[in-house]
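What follows is each chain in one-letter form.
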Amino acid sequence: MIIGIPKEIKNNENRVGMTPAGVRELVAHGHTVYVQHTAGEGSGFADSEYTAAGATILPTIGDVYASAEMIIKVKEPIEPEYKLVKKGQLLFTYFHFASDRALTEAMVESGATCIAYETVVGRQGGLPLLVPMSEVAGRMSVQEGARFLEKPQGGRGILLGGVPGVKPAKVLVLGAGVVGRNAALMAAGLGADVTITDISLPTLRHVAEVMPRNVKTLYSSRHNIETELPTTDLVIGSVLIPGAKAPHLVTADMLKLMRPGSVLVDVAIDQGGCFETSHATTHSDPVYTVDGVVHYAVANIPGAVPYTSTMALTNATLPYALLLADNGWKDACKAEPGLIPGVNIVDGKIVFKAVADAWDMPYTPLNI
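Residues numbered from 1 in each chain as written. Predicted model: local features only at pLDDT ≥ 70, side-chain atom pairs only at ≥ 80, totals over all residues. Heavy atoms only, no water.

The pairing of strand β6 (residues 113-116) with strand β14 (residues 343-346) spans 2 bridges and is antiparallel. Paired with I115 across the strands is V343, a residue of β14. One ladder, built from 2 bridges, connects β14 with strand β15 (residues 349-350); its direction is antiparallel. Each bridged residue has a counterpart across the sheet, and for V346 the counterpart in β15 is K349. (Pairing = 2+ DSSP bridges. Helix = DSSP H or I, 4+ residues; strand = E, 2+ residues; numbered from the N terminus.)

Let us now look at the sheet that holds strand β2 (residues 32-36). Strand order in this open sheet of 8 strands is β3-β2-β1-β4-β5-β6-β14-β15, and the pairing throughout is mixed. One side of each edge strand has no neighbouring strand; the edge strands of this open sheet are β3 (56-58) and β15. Sheet strands in contact with helix α1 (residues 20-28) are β1 (2-5), β2 and β4 (70-72), and its direction is about 150° off that of β2. In the packing of helix α5 (residues 101-110) onto the sheet, contacts are made with β5 (90-93), β6, β14 and β15, and the angle to β14 comes to roughly 50°. (Contact = heavy atoms within 4.5 Å. Axes fitted to C-alpha atoms, helices over the stretch in contact; angles between N-to-C directions.)

This part takes up the sheet that holds strand β12 (residues 287-290). One open sheet accounts for 7 strands, arranged β9-β8-β7-β10-β11-β13-β12; its pairing is mixed. What marks the edges here is a single partner per strand, and that holds for β9 (215-219) and β12. Averaged over all adjacent pairs, the angle separating strand axes in this sheet is 20°, with direction ignored. For strand β7 (residues 170-174) and strand β10 (residues 234-237), the ladder comprises 4 bridges, and the chain directions are parallel. Each residue of the ladder has a partner; that of V173, found in β10, is I236. Here helix α7 (residues 178-189) sits on the sheet in contact with β7, β8 (193-198), β9 and β10, set at roughly 170° to β8.

This part covers the layout of surface pockets. Where empty space is left in the structure can be found by rolling a water-sized probe over the atoms. Here the largest pocket is characterised by a volume of approximately 820 Å³. As for the largest pocket, its lining consists of 40 residues, and the residues nearest its centre are V179, S238, V239, L240 and I241. Within the residue set of the lining of the largest pocket, elements represented by two or more residues are α6 (131-148), α7 and β8. No other element matches α6, which puts 4 residues into the lining of the largest pocket. Taken together, the residues of the lining of the largest pocket sort by class into 23 nonpolar, 12 polar and 5 charged. A volume near 270 Å³ is recorded for the second largest pocket. Residue lining of the second largest pocket: 19 residues in total, with K10, I269, D270, A280 and A299 positioned closest to the centre. Taken together, the residues of the lining of the second largest pocket break down into 5 nonpolar, 9 polar and 5 charged. (1 Å grid on protein atoms, 1.4 Å probe; cavity = no way out; pocket = protein on both sides within 12 Å on 5 of 7 lines; lining within 4 Å. Points joined across faces, edges and corners; volume = space filled by probe spheres on them. Nonpolar A, V, L, I, M, F, W, Y, C, P; charged D, E, K, R; others polar.)

Here it is, written out as structure tokens:
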């Protein structure tokens, strides 16, 4: 198969779809790999490393899309890329269709086959291609939240871990999935007073068993969240409904319960955000303020640490990329049924129900 790895063009997105080591594996399986000039530069990988791995460097993003049967990316195509996607082409990347109608319509119109990292299911359950970036995003959410709690950044001027004689900041983590657990672990490690919520009691029991003593668990309900907000300094929103829009757990009217300079970090912004007042921001302009509360809603948080993120992502995606390249997407799905829920759009039809429901568009069950 001919595989293309374009350079990411989303704002401050320095990750790349595959490391040179991953390319070497694809080439060893007999595939042709085209990499766009400087695609890996932001992650610390030079063109020469890809060439040494057996790839061919192409000068432009248009050349890569025009040449490839399968595109491997990190983030969804953005508007300048829409016209480059070809009918019958296989795109393997994060899409988050339920939060972007224009993208959904463009990919339907393209006639491409779109397999979304975020809805591929592992053999033991879970979302294996979301996990590595969720781990990074969860840890980064606390790092960024701590930064924006600083007074020069618009925050209350609170050190997350406090010092002897001064209480630490209070952190509320909404959702005890991969993002939430990593956020809680990072915040606890910095010495914060952490509360993590979820609607699953078995999950909360597990968290209570494995987390440090400065992490407390709380059942997630509107009442409990409202009770916590007046004394909370940093809220991490990390709820996920795979492939669907995130629910709003902090509404606009609830902001009035919070102290000025408190910070909200919405890690669910890729799926529409779990704070009603959230809208997507960028690394170059990451925050805005509503009712005195600082909102951080960068849609590609792991892009800030591209070397770590690209290495972690390739570790997870490479086995699936090899399966797709070796067998084609239909036979790959038969061999690995967890790929089936990853298939979101095929030949102009939406085959993932939550995406169709999000935009009230026609749904066609996948037939392979």
